[in-house]
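Okay, here's what each chain looks like letter by letter:
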Amino acid sequence: MSLIPRIRSSAPVDDIDEAELRVTEPEISAAGPKAVSVALERGISQAGVLRTARALARVNHRSGTDCPGCAWPESITGPRKPAEFCENGAKAVAEESTTRTVTPSWWAEHPIAELRDKTEYWLGNQGRITEPVVLRPGDDHYSPIPWREAFALIAEHVHATTPDRCVFYTSGRTANETAFMYQLLARSLGTNNLPDCSNMCHESSGSAMVPTIGIGKGTVSLDDFDHADVILVVGQNPGTNHPRMLSALADARRRGARVVAINPLPEAGLLHFTDPQSPAGLVAGLAGRPGETIADDFLQIRVGGDLALFQALGHLLLKAEEAAPGTVVDREFVEACTAGFAEYATARSEIDWDVTERATGLPRDQIERLATTLVHSKGTIICWALGLTQQPHSVDTLREIVNVLLLQGNFGKPGAGACPVRGHSNVQGDRTMGIWEKPGEWLLRGLDDEFGIRTPREHGYDSTETLAAFEDGRIDVFVSMGGNFAKACSDTDVLESGMQRTGLTVHVSTKPNRSHVVHGQTSLILPTLGRTDRDDRHPGGAQFVSVEDSMSVIRSSQGRLEPVSDQLLSEPQIVAGMAEAILGHDHAVDWRAMAEDYDVIRDHISRVIPGFEGYNRRVRQKSGFVLPNPPRDTRSFATPSGRAHFTVSPLEWLEAPPGHLILQTLRSHDQYNTTFYGLDDRYRGLSEGRRVILVHPDDLRELGFEDRALVDVVSVFPGADGEVSERRAEGFRLVTYPTARGCCAAYFPEANNLVHRENVARESNTPGFKAVTVRFEPRRGSARPDQSAAAGSPCGT
C-alpha cells in the first residue's frame, strides 16, 4: 500500500452524484496505514505540505492547538505520541487550515437560488470565508459589508423586537472564553434563549445523571482505563467518532481488561484496531491483516433495546448476590452513599425473559455471560454516546446504567465510573460556561454580582423548542455562533421554512453551509478565526483560549497559522462588537477589555464559575487542570439528599409494526457532524454516495425489496392526539448490511427530515434520531415490492 497521497488542491466543481454509489465489503479493522494516507491527502490537498505540517505538528500537544474535532482527552501525566491526532482529527484540521477561499467575487458568481441546490459536501469544500457579507430583502446574492455596519444592522433588528424573540445558538466548537462572553451577552440583553448542540446529543445524559449522582459529566479519568477490569462500549462508534479512544481500549485490553461492545451495527472500530503509530500495527496494516482485537464480545442489540438489557443485567447481578451474599453488591457503598436500593431491588427481582429477548434481539445466554463478566469485575467503566441518548426512553436507559454502576460501587475508585463520551470538542465546556437555556440560580446570581447587571430568570428555548418557535413565527433574530443549525436539527423542511420567515439570521462561520442559504429575510455571515489560526491582533499580542474535554480537563489552545484574510475577527472580538452595538458603549460590562485581553475574561470566569479559581495561573500549567468531580474525587453526590439515587423505570423498547423498521441516523467515516470531509465511508464499504439505507438482507427480503432498489422513505409518528404524521425523504438506495434485525440506518443529516419534531427523548427533549419508524415505497419506475409485505399502521410499546 502506498502512503504517497493523491493530491487535489482545488475545490470540487461537481457535486455528489448518487448514481455513482459504490458498495464493497465492510472493513473489520479501524485505522492502519490507510488512515495515514488519507489524512495526508486531505491535509495537503487543502493546505499544502508546509501549512499542513505546521498545523498538525502541535495538535493536542501541550501548549499546542486543541483538535477542532472530538473531545477525547489526552494524558495529563504521561508522554504524548508524536502524532497525537487521528485520521478524522487531521481532516478537521485540513478543513480549517485550507487555503481555498470564498471571496466577494465567489458570492457574486453564485446566486442563492443556485446555492440552495448544493449539498453540504460542495458548500463546505469551497473554502474559508474571507470577509463579512450581507443578504438584504430582495437580494439574490450575498455582498460585502464592513464590520461596523454589520454590528449596527444586528443592533437595529434587536432593538426593533423584544429579548424573548431573540435566540443565540452555539456550536460545541466555541472555546470557553467565547462561550462565557456569548451567554453574558444574551443574558445582558434579557433572554435565556441559549440553545446549543448539546441539546441534540448528550442532554439525555445530564438529565439522567444530575438527579441520580449530582453531576452531568463523566466520572472517570483517562487513567481509569488503565485500572478497569471491564469496559462496556455502548451505542458508540469510536472508530469514526473519536478514534483516539481505540488506543485507550487496546491498551486496557492488552493489560487484561475485558472490553464488550454493544451496538446495532458491527462497526470496524468495535472489532479491531490497527495502530499506525506502532511497528506491529504498521506491519499488520501493510500486510492487509486486522490489528488488535478491541471487543472480547459483541452484543448486536436492537435499536432501543438498551433499557431492557440493563434492567436484565441489574436483575442478574442481584440474583448473583442472593446466591453468594456480600460478593457482588457493594453493601458498604450502597448503605453509606445511596438511596432507593430497596425499591430498585424489588422492581428487578423478576424478569420476563421472552420480552427481554424480544426487546433486545439478544439471546438470554449472551446477556447472562455479560452479567457473569460484571459479577467478577472489581472496576467497571460504562461508556456511551448518541446511540443511547436519542430515543424517547433515553433518560430511563441511562438511569439504568447508573443503577448497574451503583450496585457494585463503581464510583470514586480506580478503574470505574460513568463515561458519556462527548462528540464535539468543547461542547462540555460550553455548558460549564453557562450556555444553557435553564441556568441555575447560582450562575445568574454570580453574573449579577460580578457585572452589576440583572439577568433574566425565565427559562429560554432549547434546540427543539427553537425549531418550534421558528415554525410558529416567534423568532425575529437568530444568531448562530458556529454550527449549521438547519442541518443539525430534526424535521428539516419545517425548520428551513421557519428560518426563511425570520427577520434576521446571523451566522458566525468559517465556511459556507446550508444555514446560510435558508436564511432569514436579512442575513449576515460573519467570518471568524478558527482554532488553528493565529490570533495576534490585540494590544497585548497573541492570545490563547481554553477548552474542556470529555473528562473535565481544562487546557489551553493556541493557533499557529497565518489567517487566510486580514478581515477575520476572533469570536471574542465578534461578541464584543455585537454587544457594544446592541447594549451601548456605556454598558456595565467592559466588552472591549475582554476582547483585547482574554485574561480579563478568565478573571471574570474565575469569580463566577466554581472550580475555576486561579484560572489564568492554572491554565498555564503544563497540562492544564482538572475540574472538581465529587463522585469521582470523594464519593460524594450533590443531590438534595446528599446521596446517589437508585431509580425504577418501566420497561420500554422500540418495535415497528408490520412492513416497517426502526431507523437510526449515523455519521459517515468521512464526516463530522454536518461537515462532509469527503465521500468515502470505507469502514462500511460505501463511497461516492450518501442517500443510502442500510438494511439486514433478511428484512429486505421480507419487505419484498431487492438490494440497491431505489425508494422513498416514509416515517410515521403517532402524535398525542392519536393522529399519525408522516415525513418523506426521496431517492434513497437500499443496501444490504449486517444490521440488527428489524432495524436500519441512514446518514445524518440526509435523514433528519424523517424525524418529527415531537419525536424526542422525554425530560431531555433531545431529538429521536435513533427512534424513527419507517417504511419504504418504490420510486416511480422501480420494481414494486411484494404486496404480501404491505405496510401496517404504526404502534408503540
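Residues numbered from 1 in each chain as written. Predicted model: local features only at pLDDT ≥ 70, side-chain atom pairs only at ≥ 80, totals over all residues. Heavy atoms only, no water.

1. Some details on the overall build of the chain
In plain terms, the rule: Counting from the N terminus, the helices are the DSSP runs of H or I reaching at least four residues and the strands are the DSSP runs of E reaching at least two. The reference for a compact globule is 2.2 Å times residues^0.38; the radius of gyration itself is calculated from the C-alpha atoms. Burial classification: accessible surface area is computed with a 1.4 Å probe over protein chains only, and a residue below 20% of its type maximum counts as buried, one above 50% as exposed, and the rest as partly exposed. Residue contacts are defined here by distance: any two heavy atoms, one from each residue, within 4.5 Å place the two residues in contact. Areas reported as accessible are Shrake-Rupley estimates using a 1.4 Å probe. Residue values count occlusion only from the protein chains shown.
Scanning the chain from N- to C-terminus turns up 31 helices and 32 strands. For the chain, the C-alpha radius of gyration of 25 Å lies close to 28 Å, the compact-globule estimate for 797 residues. Reported as C-alpha extents along the three principal axes, the dimensions of the chain are approximately 75 × 65 × 60 Å. The buried share of the chain, reckoned over its 797 residues, is 64%. Taking all contacts inside the chain whose residues are at least 6 apart in sequence as the whole, residues at least 24 apart take part in 80%. On the chain, roughly 27,600 Å² of surface is accessible, and the fraction owed to carbon and sulfur atoms is 50%.

2. Focus on unusual backbone geometry
Cis geometry marks the peptide bond from phenylalanine 748 to proline 749; its omega dihedral reads 5°. Considering the arrangement of structural elements, one finds proline 749 in the loop between β31 (743-747) and β32 (772-778). One non-glycine residue, glutamate 688, adopts positive backbone phi at about 70°.

3. Some points on the pairing of strand β16 (residues 477-481)
Quick reminder of the rule: Between any two strands, at least two bridges found by DSSP are needed for them to pair.
In terms of residue burial, β16 counts as a mostly covered element, since 5 of its 5 residues are buried. Going residue by residue along β16, you find Val477, Val479 and Met481 tucked away on one face and Phe478 and Ser480 tucked away on the opposite face as well. In terms of strand pairing, strand β7 (residues 166-170) meets β16 through 5 bridges, oriented parallel. Along β16, the bridge assignment pairs phenylalanine 168 with valine 479. Note that β16 and strand β17 (residues 504-509) share 5 bridges and pair parallel. Looking across to β17, one finds that methionine 481 is bridged to valine 508.

4. Focus on the packing of aromatic side chains
Centre distance and the angle of the planes are the two values used to describe a pair of aromatic rings. For clarity, the cut-off: When the centres of two rings from Phe, Tyr and Trp lie within 6.5 Å, Trp using its six-membered ring, the rings pair. Their planes under 30 degrees apart give stacked, over 60 give edge-to-face, and anything left gives tilted.
If you walk through the whole model with that rule in mind, you get 21 aromatic pairs. The interplanar angle of 65° and the centroid separation of 5.2 Å between the aromatic rings of phenylalanine 470 and phenylalanine 478 together place this pair among those described as edge-to-face. A single burial state applies to phenylalanine 470 and to phenylalanine 478, both of which are buried. Aromatic pair tyrosine 615 and phenylalanine 625: ring centres 5.9 Å apart, planes at 85°, arrangement edge-to-face.

5. Thoughts on empty space enclosed by the protein
Note the following rule: Detection works on a 1 Å grid of protein atoms alone, calling trapped sets that fit a 1.4 Å probe cavities and calling open sets with protein on both sides within 12 Å along at least five of seven lines pockets, with lining residues defined by an atom within 4 Å of a point. Grid points are joined across faces, edges and corners, and a volume is the space filled by probe spheres set on the points. As a working rule, the residues Ala, Val, Leu, Ile, Met, Phe, Trp, Tyr, Cys and Pro are called nonpolar, Asp, Glu, Lys and Arg charged, and the rest polar, with Gly in that last group.
Summed over all chains, the structure comprises 6 cavities of 30 Å³ or more. Within this model, the second largest cavity holds a volume of roughly 220 Å³. In terms of lining residues, the second largest cavity is bounded by 18 residues, among which Leu529, Gly530, Arg531, Asp535 and Val545 are the most central. Of the residues belonging to the lining of the second largest cavity, the class tally is 6 nonpolar, 7 polar and 5 charged.

6. Regarding the nonpolar core
The condition is simple: Among the buried residues, those of types Ala, Val, Leu, Ile, Met, Phe, Trp, Tyr and Cys that are joined through side-chain atoms within 4.5 Å form a nonpolar core.
In terms of nonpolar packing, the biggest core is built from 59 residues, with Ile154 and Leu526 touching the most fellow members. Looking at which element gives the most residues to this core, the answer is helix α8 (residues 176-189), with 8 residues. Apart from residues no more than four positions distant in its own chain, leucine 526 is found in contact with Pro132, Trp147, Ala150, Phe151, Ile154, Val506, His507, Val508, Ser509 and Ile574. Within the second largest apolar cluster, 48 residues are counted, among which are Phe310, Leu313, Leu407 and Ala418.

7. Focus: the pattern of salt bridges
Any two side chains of opposite charge can pair, on the condition that their charged atoms come close. Heads up, the rule is: Only one rule defines a salt bridge in this text: a Lys or Arg side-chain nitrogen within 4 Å of an Asp or Glu carboxyl oxygen.
Tallied over the full model, the rule gives 66 salt bridges. With its nearest N and O atoms 3.2 Å apart, the salt bridge here joins arginine 369 to aspartate 365. Here arginine 369 pairs with aspartate 365, and both are found in helix α18 (residues 364-375), just 4 residues apart, close to one helical turn. Between arginine 534 and aspartate 536 there is a salt bridge, and its shortest N-O distance comes to 2.8 Å. The class of arginine 534 is partly exposed, set by a relative accessible area of 27%. Linked through salt bridges whose partners overlap, the residues forming this network are Asp712, Glu726, Arg728, Glu730, Arg775, Glu777 and Arg779.

8. A closer look at the side chain of threonine 647
In this fold, threonine 647 is placed in the loop between β22 (644-645) and β23 (661-666). Ignoring sequence-local partners within four residues, the contact set of threonine 647 consists of Thr212, Tyr344, Arg399, Glu400 and Asn403.

9. Some details on the sheet that holds β31
Using the following cut-off: For helices, the axis comes from a line fit to the C-alpha atoms of the stretch in contact; other axes are also lines fit to C-alpha atoms, and the angle between any two N-to-C directions lies between 0 and 180 degrees.
Around the barrel, 6 strands lie side by side as β23-β31-β28-β30-β29-β32; this closed barrel has mixed pairing. The average angle at which neighbouring strand axes cross in this sheet is 45°, direction not considered. As judged from the 3 bridges shared by β23 and β32, these two strands associate in the antiparallel manner. Its bridge partner lying in β32, leucine 663 is registered against valine 772.

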